[in-house]
Amino acid sequence: MPTGKKFKLSKYIPVSAATTFLVGSTTLFFVFTCPWLSHTLSPAVLIYNALMFLFVLANFSMATFMDPGIFPRAEEDEDKEDDFRAPLYKNVEIKGIQVRMKWCSTCRFYRPPRCSHCSVCDNCVEQFDHHCPWVNNCIGRRNYRYFFLFLLSLTTHIIGVFGFGLLYVLKHMDELSSVHTAVTYPYIFQQSGSTSSFTFI
């Protein structure tokens, strides 16, 4: 992150919301739905969803914290008049192909092909794709594969959670139709002089 920009708390709201929804919804799934699925269907359901969730978190973390391919800026002690003397475009030959490179007045160098300046991060990023607010990072050469795997694994995880959750609801339609069984709560009663605790699920 550039050192000259002010800290903005609003930048971290989308990534915080995404993390909260992902971890929170999956936790509720593991607590309320997975135990019944593991007992009724197979323990492999719990193992599969746990591994998929960890894979989603791993790719999410890599896409968020990995350097996307930021080019270092020109040193401060370099000739500052270069910014005024340098032409806007410069043609160079790369592997026998003429390539036009554009001058970046912020980073003070000619950007290579497929390199763009991110207005949010205020940095030139190699093979810049876009800036994703949900991971609070640019998507570039170094973290593009992890971002793609994050989207792919997240889609698979959502489909799995929705499918298993729908199966749970369909198998408990009669029980969930009653209001008192829709919420888990302790029921205390006294029998033969002793107190026992029951939970309706």
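Above: the structure in question.
Residues numbered from 1 in each chain as written. Predicted model: local features only at pLDDT ≥ 70, side-chain atom pairs only at ≥ 80, totals over all residues. Heavy atoms only, no water.

S.K.: I would appreciate a short explanation of helix α4 (residues 144-171) in the present structure.
M.R.: Because an α-helix packs 3.6 residues into every turn, residues spaced three or four apart end up facing the same way. With 28 residues, α4 should cover 40 Å at 1.5 Å per step; its first-to-last C-alpha distance of 41 Å lies within 8% of that length. Turning to α4, its buried residues number three or more, namely Phe147, Phe150, Ser153, His157, Gly160, Gly165 and Tyr168. The secondary structure elements touched by the buried residues of α4 are α1 (13-40), α2 (44-65), β6 (130-132) and β7 (137-139). (Helix = DSSP H or I, 4+ residues; strand = E, 2+ residues; numbered from the N terminus. Expected span 1.5 Å × (residues − 1). Buried < 20%, exposed > 50% of the residue type's maximum accessible area, 1.4 Å probe, protein only. Contact = heavy atoms within 4.5 Å.)

S.K.: Where do I start with the pattern of salt bridges in this structure?
M.R.: A side chain of one charge can pair with a side chain of the opposite charge when the charged atoms of the two come close. Tallied over the entire structure, the rule returns 3 salt bridges. Among the salt bridges present, the one from Arg142 reaches Asp67, with a minimum N-O distance of 3.0 Å. With Arg142 in the loop between β7 and α4 and Asp67 in the loop between α2 and α3 (82-85), the pair connects residues that are 75 residues apart, well separated along the chain. A residue is classified by how much of its surface remains accessible, and Arg142, at 45% relative accessible area, is partly exposed. With relative accessibility at 30%, the residue Asp67 sits in the partly exposed group. (Salt bridge = Lys/Arg side-chain N within 4 Å of Asp/Glu carboxyl O.)

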